[in-house]
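Chains, contacts and geometry: an overview
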Amino acid sequence: GQQVMQIPQYQHVQEGEDFTTYCNSSTTLSNIQWYKQRPGGHPVFLIQLVKSGEVKKQKRLTFQFGEAKKNSSLHITATQTTDVGTYFCAGISMEYGNKLVFGAGTILRVKS
Amino acid sequence: EAGVAQSPRYKIIEKRQSVAFWCNPISGHATLYWYQQILGQGPKLLIQFQNNGVVDDSQLPKDRFSAERLKGVDSTLKIQPAKLEDSAVYLCASSLITGTPGANVLTFGAGSRLTVL
């Protein structure tokens, strides 16, 4: 079945450092979404990318969708303690019935 | 706008007992999802409804799990009998109807945390 893999599983950074998480799909995606889950909370939608090579920014967060539409990345510039949480990518593939499949997530911890 | 409501927030049961979770989606959201999130993993889709019809239940363990969405609004997810490996957070999410701009974007509820002893 469709697989969505994320690396790293866990990252601990000093406040002010940058952070990147990568997402790779076993199949070509029609779109990819990113969600953030705070400790003890529920996933909250951040952004959706649909075009090959697309880049979107939200303040200190930069999201990219690969040219082949099989990978994506989330980069956070100058992390803050409020960035703590688990970041999930989730992809939709027509090949697998247009279901949204989540990766296992990257846990981000920020030391102040 | 009100968010996705779920109850109960926490439930502790013994194995072989039964449990039911309730979800009320965002008003106007025709599509409703139940996800299972085991600690340290991403959410896994159990079942997807559009209005009161099932769109996808391919990953629902039908020997013990059941779900319904009568009248196309509220939904309940039942587990009977529960096993130890069912310990997880059960997340309900809703979205606009397929084909609508933004239809794929999910709004999650706070979740129901189940512990099976």
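Going by the structure above, here's the rest.
Below, the structure is looked at part by part. (Residues numbered from 1 in each chain as written. Chains lettered and ligands numbered in written order. Predicted model: local features only at pLDDT ≥ 70, side-chain atom pairs only at ≥ 80, totals over all residues. Heavy atoms only, no water.)

**Topic: the state of the cysteines**
Just so we agree on the cut-off: The definition used for a disulfide is geometric: two cysteine sulfur atoms within 2.5 Å. Put simply, DSSP marks the helices as runs of H or I at least four residues long and the strands as runs of E at least two long, and each gets a number from the N terminus on. Categorising residues by exposure relies on relative accessible area from a 1.4 Å probe, with only protein chains included: less than 20% of the type maximum marks a residue as buried, more than 50% marks it as exposed, and the intermediate range marks it as partly exposed.
Evaluated as defined, the whole model comprises two disulfides over all chains. Note that Cys-23 of chain A is cross-linked by a disulfide to Cys-89 of chain A, the S-S spacing being 2.0 Å. An S-S torsion of about 80° defines the bridge between Cys-23 of chain A and Cys-89 of chain A as right-handed. Of the two residues, Cys-23 of chain A is situated in strand E3 (residues 19-25) and Cys-89 of chain A in strand E9 (residues 85-92); the sequence distance between them amounts to 66 residues. Summarising the burial analysis for this pair, Cys-23 of chain A and Cys-89 of chain A share the class buried. Between Cys-23 of chain B and Cys-92 of chain B runs a disulfide, and the two sulfur atoms are separated by 1.9 Å. An S-S torsion of about -70° defines the bridge between Cys-23 of chain B and Cys-92 of chain B as left-handed. Within this pair, whereas Cys-23 of chain B is found in strand E3 (residues 19-24), its partner Cys-92 of chain B is found in strand E9 (residues 88-95), the two being separated by 69 residues in sequence.

**So, the sheet that holds strand E7 (residues 65-68) of chain B**
Residue and element names in this part refer to chain B. The condition is simple: At least two DSSP bridges between two strands are required for those strands to pair. To get an axis, fit a line to the C-alpha atoms, keeping to the stretch in contact for a helix; angles then go from 0 to 180 degrees between the N-to-C directions.
Here we have four strands laid out as an open sheet, ordered E1-E3-E8-E7, and antiparallel in their pairing. Edge positions in the sheet fall to strand E1 (5-7) and E7, since each of these pairs with one other strand and no more. Neighbour to neighbour, the strand axes of the sheet diverge by 15° on average, direction disregarded. Summarising the sheet, E3 and strand E8 (residues 75-79) pair through five bridges and their orientation is antiparallel. The partner of Cys-23 across the bridge, within E8, is Ser-75.

**Digging into the pattern of salt bridges**
For clarity, the cut-off: Salt bridge, as applied in this entry: a Lys or Arg side-chain nitrogen positioned within 4 Å of an Asp or Glu carboxyl oxygen.
Taken as a whole and assessed by the stated rule, the structure comprises five salt bridges over all chains. Between Lys-99 of chain A and Asp-56 of chain B there is a salt bridge, and its shortest N-O distance comes to 3.6 Å. In this pair, Lys-99 of chain A sits in the loop between E9 and strand E10 (100-102) while Asp-56 of chain B sits in strand E6 (residues 53-56), so the two residues belong to two different chains. As far as the burial class goes, Lys-99 of chain A and Asp-56 of chain B line up, both buried. Here Lys-62 of chain B makes a salt bridge to Asp-57 of chain B, at a shortest N to O gap of 3.7 Å.

**Topic: the sheet that holds strand E7 (residues 61-65) of chain A**
Residue and element names in this part refer to chain A. Here five strands make up an open sheet; going across it, the order is E1-E3-E8-E7-E6 and the pairing antiparallel. This sheet does not close on itself; its edge strands, each paired only once, are strand E1 (4-7) and strand E6 (55-58). Ignoring strand direction, the axes of neighbouring strands in this sheet form an average angle of 15°. Pairing of E3 with strand E8 (residues 71-76) involves six bridges; the strand directions are antiparallel. Across the sheet, Cys-23 pairs through a bridge with Ser-72, a residue of E8.

**A look at the interface of chain B and chain A**
Inclusion rule: Residues are treated as being in contact if the distance between any of their heavy atoms lies within 4.5 Å. Here the quantity called buried area is the total loss of accessible area, with a 1.4 Å probe, experienced by two parts when brought into contact, counted for both.
Across the boundary between the two partners, chain B contributes 17 residues, which contact 15 residues of chain A. Overall, the association of chain B and chain A removes approximately 1,200 Å² of surface from exposure, summing both partners, and the carbon and sulfur fraction of that is 56%. Broken down residue by residue, the surface that chain B buries against chain A is led by Asn-104, Val-105 and Phe-108 of chain B, which jointly contribute 35%. Run the count over chain B and chain A and you get one salt bridge.

**A short note on the packing of aromatic side chains**
We apply this condition: Any two of the Phe, Tyr and Trp rings considered here, Trp counted by its six-membered ring, make a pair once their centres fall within 6.5 Å; the pair's planes then place it as stacked at under 30 degrees, edge-to-face at over 60, or tilted in between.
The full count for this structure, using the stated rule, is eleven aromatic pairs over all chains. Here Phe-21 of chain B and Tyr-90 of chain B contribute two aromatic rings whose centre-to-centre distance is 5.3 Å and whose plane-to-plane angle is 20°, an arrangement assigned as stacked. Taken together, the residues span a long stretch of sequence, with Phe-21 of chain B in strand E3 and Tyr-90 of chain B in strand E9 at a distance of 69 residues. Aromatic pair Phe-65 of chain B and Tyr-90 of chain B: ring centres 6.3 Å apart, planes at 45°, arrangement tilted. Here the residue Phe-65 of chain B occupies a position in strand E7, and Tyr-90 of chain B occupies one in strand E9, the gap between them amounting to 25 residues. Overall, Phe-65 of chain B belongs to the buried group, its relative accessible area being 3%. Of the aromatic side chains, those joined through ring pairs into one cluster are Tyr-35, Phe-45, Phe-88 and Phe-102 of chain A together with Tyr-33, Tyr-35 and Phe-108 of chain B.

Read these as layout, nothing more, since geometry by itself doesn't imply function.
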